[in-house]
Amino acid sequence: MNVHDPGPPGDSGLTVRDLAVNYGPVTALRGVSLDVPRGAVVTVLGGNGAGKSTLLRAISGTLRFHRGGIGAGAVAFGGRRLSGASTSAVVAHGVVQVPEGRKVFARMTVEENLRAGALGARDRRAAAEARERVLTLFPVLAERARQRAGLLSGGEQQMLAIGRALMARPKMLLLDEPTLGLAPMMALRIADTVREINAQGTTVLLVEQNAALALSLAGHAYVLEVGRVVLSGPAAELAESDEVRRRYLGIGDDRDEALLSGAPSIRPALTRWTA
Amino acid sequence: MTTFLELLVNGISIGAVYALIALGFVIIFKATEVVNFAHASLLLVGGFIVAKTHESLGFWLALLLGLAGAAALGALIEFAVIRRANVVSHSILAIVTIGVDIVLTTELTRQIGTEVLALGDPWGSEVLHIGAVNIPLARIAALVTASLVIALFLLAFKYTNWGIAMRATAEDSETAALMGVRRGRVSMGAWAVAGALAALAALFMCIFPTPGLDRTVTATAMKAFPAAILGGLDSTTGALAGGLIIGVTESLVGGYQSELVFLGRGLGDVAPFLVMIIILLIRPAGLFGTRELARV
Ligand SMILES: Nc1ncnc2c1ncn2[C@@H]1O[C@H](COP(=O)(O)OP(=O)(O)O)[C@@H](O)[C@H]1O
Ligand SMILES: [Mg+2]
């Protein structure tokens, strides 16, 4: 297990304080606070619609693309306020997001996607170094350099999306469900890569529905439900807690699991009747 | 046969000029999703600056000033009008560009009045004789310059950081922003480049055999709209193909007008729009486009 020294509280990591986010009349997050100490891997777990992507959008400054905005609270990284900053300023401060669903530029080649990732960084020498690092991490990207990114497999696209983000030489990486829709082997491969990226010094905030995988990577975990943090603690402790085991790891009493799974009540009920 | 060759070269030459206009139109659409109805007025402004300054500055400096002036105007329109893209819809912005076009065109046509302004180009009315084929030097200059500028543009679009930022933004502006791309800069750059391309097109539309810049030049420039649309509003290749198709069609139909007289007079002017309609009936997104106009 990967438990990091959290360092002095608030020390130059990411802090989110009492964050509320609205999409017009819809409130997607309320009173969310969390800390990601520098050098740590922190995960945010939650089902569909819990507000995970919204949290990352609030950090990266992309809410405006969804007609959303921060209603209250603040986000800071390294002591600098990110809330209210433009997306390019957030990138310039070293915080880079890998969007949900990978979002590679499908009509551009793999090589061009990597170049796009370096657009926010002005330093050319640094970009060349970053490219070396990415191609060492993902040799398959070098093999496919001239292919259109849209033709890559799902796993390769995820590698490209992460590699593209690393081209900006982030201090902190925000990952939105990087294993979504991937075969289990590929998901493990991505997890290993995230571990390696963190070992090389990049702080990671990982948003996942795959709780088992995320808890094996993270030092600290938060559980988000309907826009609120309902649980938080060291990942190892959360992995042992009954509630998390039942709801996110699919372990525990059958009947309780069905009742608590958060799915519409009819289907679990039906399966119980037919069982 | 010689007539045909002459018409063909003339058609390709004017087609390359239409392609300049269409390219600008397309990159504005790619960068901002706005259909720019003020494009013809950018062209008019560029040409007007050259016409008014070439006597005192000399042709080349005047041309440079015309290019810069139209580019600056494009950037200004982007900054003052298009930056609002977050608050209003793209269709409303397109309508706003109609307003901008009316203001600029009205003012400039008032200043031009009934005059025909010379642009002071060095090619004059000289004609090049290649065998039996006679081609005005000005048309050759247009063809060569437009081809070079288009090639340069396409190379920049493919290989430079500017081009990558443009294409990334066109494909997915949110993800491009996550790469640190500043959307405002990309969009302003597109408008400036489009303005400069339009000014260059103005030059080649107003020199021999055209007598000069007059108030009707915007109507001629309008023929680049079907060029952009039939090629595909979001395709640079399409702009190129569209420009050439329109130019050659217009030239051939105009040249063989007397044989086609049963189809009515002025067919040369209508032909570009007919070709556009026919192509859109077969391919609604244009020859190379990925988006149908209905989405605009
Ligand atoms: N663009 C939007 N407009 C309105 N509501 C939205 C928008 N995006 C997300 N939401 C709402 O915000 C809540 C959180 O969504 P999201 O952050 O995407 O959740 P998650 O990533 O955890 O699945 C959901 O209730 C969702 O319906
Ligand atoms: Mg999500």
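The rules behind these values
- Every residue gets a number counted from 1 within its own chain, in the order that chain's sequence is written.
- Written order decides the labels, with chains lettered from A and ligands numbered from 1.
- Where local features are concerned, this predicted model is filtered to residues with pLDDT of at least 70; where side-chain atom pairs are given and counted, the filter is 80 or more; whole-chain, interface and lining totals use all residues.
- Note that water and hydrogens are dropped before the side-chain values are worked out from all heavy atoms of the structure.
- In this description a helix means any DSSP run of H or I spanning at least four residues, a strand means any run of E spanning at least two, and both kinds are numbered starting from the N terminus.
- In this treatment the radius of gyration is a C-alpha quantity, and the globule benchmark scales as 2.2 Å times the residue count to the 0.38 power.
- Only protein chains enter the calculation, and the probe is 1.4 Å; a residue is then buried if its accessible area is under 20% of its type maximum, exposed if over 50%, and partly exposed in between.
- Computed with a 1.4 Å probe, the accessible areas rest on the Shrake-Rupley method; for each residue, only the protein chains presented here act as cover.
- Residues scored as positive are Lys and Arg, those scored as negative are Asp and Glu, and His as well as the terminal groups of each chain are ignored.
- Charge positions come from single atoms, namely NZ of Lys, CZ of Arg, CG of Asp or CD of Glu.
- Each metal's donors comprise the N, O and S atoms found within 2.8 Å of it (within 3.2 Å for Na, K or Ca). Water is not part of the atom list, so some coordination spheres may appear incomplete.
- Contacts: residue pairs with any heavy atoms within 4.5 Å of one another.
- Buried area adds together the accessible area that both of two parts lose upon being put together, with accessible area traced by a 1.4 Å probe.
- For salt bridges, the criterion is a side-chain nitrogen of Lys or Arg within 4 Å of an Asp or Glu carboxyl oxygen.
- For the purposes of this section, nonpolar cores are sets of buried Ala, Val, Leu, Ile, Met, Phe, Trp, Tyr and Cys residues that join through side-chain atoms within 4.5 Å.
- In this text, near means that some heavy atom of the residue lies within 4 Å of the molecule or strand in question.
- Polar contacts, as counted here, are pairs of nitrogen or oxygen atoms within 3.5 Å of one another; within protein the pair requires one atom able to donate a hydrogen and one able to accept it, and residues that are adjacent in sequence qualify only if both atoms are side-chain atoms.
- Under the scheme applied here, ten amino acids are nonpolar (Ala, Val, Leu, Ile, Met, Phe, Trp, Tyr, Cys and Pro), four are charged (Asp, Glu, Lys and Arg), and all others, including Gly, are polar.
- Either an automatic procedure or a domain database provided the assignment from which the domain bounds are taken.
- At least two bridges found by DSSP between two strands are what make those strands a pair.
- Whether a crossover is right-handed comes down to one check: with the strands pointing away from the viewer, does the path from the first strand over the helix to the second run clockwise; if it does, it is right-handed.
- Confidence scores per residue from the predictor, reported as pLDDT, run from 0 to 100.

### Details of the overall build of chain B
So, step 1. Across its full length, chain B holds 12 helices and 2 strands.
So, step 2. Secondary structure elements of chain B, listed N to C terminal, follow the sequence α-α-α-α-β-β-α-α-α-α-α-α-α-α.
So, step 3. Over its C-alpha trace chain B gives a radius of gyration of 19 Å, about what one expects of a compact globule, namely 19 Å for 296 residues.
So, step 4. Projecting the C-alpha coordinates of chain B onto the three principal axes gives extents of approximately 60 × 50 × 35 Å.
So, step 5. Counting all 296 residues of chain B, 53% fall into the buried class.
So, step 6. Carbon and sulfur atoms form 68% of the exposed surface of chain B, whose accessible area is close to 12,500 Å².
So, step 7. Both charge centroids of chain B, one from 17 positive and one from 18 negative side chains, sit 8 Å from each other.

### So, the coordination of the magnesium ion (ligand 2)
All names here are of chain A.
So, step 1. With distances of 2.0 to 2.1 Å, the protein atoms coordinating the magnesium ion (ligand 2) are Ser53 (OG) and Glu100 (OE). Linking Ser53 in helix α1 (residues 52-60) with Glu100 in the loop between β6 (95-98) and α3 (110-117), this pair joins segments that are 47 residues apart in sequence.
So, step 2. Given the relative accessible area of 30%, Glu100 is considered partly exposed.

### Observations regarding the interface of chain B and chain A
So, step 1. Counting from both sides, the interface comprises 23 residues of chain B and, opposite them, 28 residues of chain A.
So, step 2. Buried area between chain B and chain A, both sides added, is near 2,300 Å², and the carbon and sulfur share of it is 55%.
So, step 3. Taken as a group, B:Glu171, B:Leu178 and B:Met179 account for 31% of the area that chain B buries against chain A, more than any other trio of residues on that side.
So, step 4. Where chain B packs against chain A, one counts 2 salt bridges.
So, step 5. The salt bridge involving A:Glu112 is made with B:Arg167; its shortest N-O contact spans 2.6 Å.

### Topic: the nonpolar core
So, step 1. Counting residues in hydrophobic clusters, the biggest one holds 91 residues, and the most contacted among them are B:Leu43, B:Phe204 and B:Leu213.
So, step 2. Looking at this core, the element that brings in the most residues is helix α1 (residues 2-32) of chain B, giving 15 residues.
So, step 3. Among residues more than four places away in sequence, those in contact with B:Leu43 are B:Ile21, B:Ala198, B:Ala201, B:Ala202, B:Met205, B:Val217 and B:Ala221.
So, step 4. Counting 49 residues, the second largest nonpolar core, distinct from the first, contains A:Val96, A:Leu114, A:Val194 and A:Leu206.

### Looking at the pattern of salt bridges
So, step 1. In this structure the tally under the stated criterion is 11 salt bridges over all chains.
So, step 2. Here the salt bridges share partners, and the residues they tie into one network are A:Glu112, B:Lys158 and B:Arg167.

### Some details on the site of ligand 1
Residue and element names in this part refer to chain A.
So, step 1. Looking at ligand 1, the residues that line it are Tyr23, Ala28, Gly47, Asn48, Gly49, Ala50, Gly51, Lys52, Ser53, Thr54, Arg57 and His66.
So, step 2. In this structure, an oxygen atom belonging to ligand 1 sits 3.0 Å away from a main-chain N or O atom of Gly51.
So, step 3. Here ligand 1 loses 67% of its free accessible area of 560 Å² to cover by the protein chains.
So, step 4. Of all the elements, α1 adds the most residues to the shell around ligand 1, at 4 residues.
So, step 5. Here the residues of the shell around ligand 1 sort into 3 nonpolar, 7 polar and 2 charged.

### Topic: the domain arrangement of chain A
Frequently, the measure chosen for interface size is the accessible area that the parts lose on association.
All names here are of chain A.
So, step 1. Entries for chain A in the domain assignment read domain 1 (1-94 + 170-183 + 196-240) and domain 2 (103-169).
So, step 2. Domain 1 and domain 2 are separated by 23 Å when their C-alpha centres are compared.
So, step 3. The largest share of the area that domain 1 buries against domain 2 comes from Pro170, Leu182 and Ile197, three residues that together contribute 45% of it.
So, step 4. The interface formed by domain 1 and domain 2 includes 0 salt bridges.
So, step 5. At the junction of domain 1 and domain 2, the tally comes to 1 residue pair in polar contact (both at pLDDT 80 or more).
So, step 6. Secondary structure elements with two or more residues in the side of domain 1 that touches domain 2: β7 (172-176) and α7 (184-199).
So, step 7. A breakdown of the residues in the side of domain 1 that touches domain 2 according to their chemical character gives 7 nonpolar, 2 polar and 2 charged.

### Concerning the pairing of β7(A)
Residue and element names in this part refer to chain A.
So, step 1. Across the 5 residues of β7, 5 count as buried, placing the element largely inside the fold.
So, step 2. Of the two faces of β7, the one lined by Met172, Leu174 and Asp176 and the one lined by Leu173 and Leu175 are each fully buried.
So, step 3. As judged from the 4 bridges shared by β6 and β7, these two strands associate in the parallel manner. When the sheet's bridge partners are listed, Val95 is paired in β7 with Met172.
So, step 4. Across 5 bridges, the pairing between β7 and strand β8 (residues 203-208) is parallel. Bridge pairing in β8 links Asp176 to Val207.
So, step 5. On the question of chirality, the crossover connecting β7 to the parallel β8 by way of α7 is right-handed.

### Remarks on the confidence of the model for chain B
Residues and elements named next belong to chain B.
So, step 1. Averaged over every residue, the pLDDT of chain B is 89; residues scoring 70 or more account for 95%.
So, step 2. Mean pLDDT across the elements of chain B ranges from a minimum in helix α12 (residues 267-282), with 85, to a maximum in helix α3 (residues 59-80), with 96.
So, step 3. Of the two predicted TM-score estimates for the complex, the pTM is 0.86 and the ipTM is 0.85.

### Comments concerning helix α10 (residues 224-231) of chain B
Residue and element names in this part refer to chain B.
So, step 1. Of all 8 residues in α10, 8 are buried, a share of seventy percent or more.
So, step 2. Among all positions of α10, only Ala224, Phe225, Pro226, Ala227, Ala228, Ile229, Leu230 and Gly231 are buried.
So, step 3. For α10, the elements touching its buried residues are α1, α9 (217-221), α11 (236-255) and α12.
So, step 4. The first or second residue beyond α10 is Gly232, which carries a positive phi of 115°.

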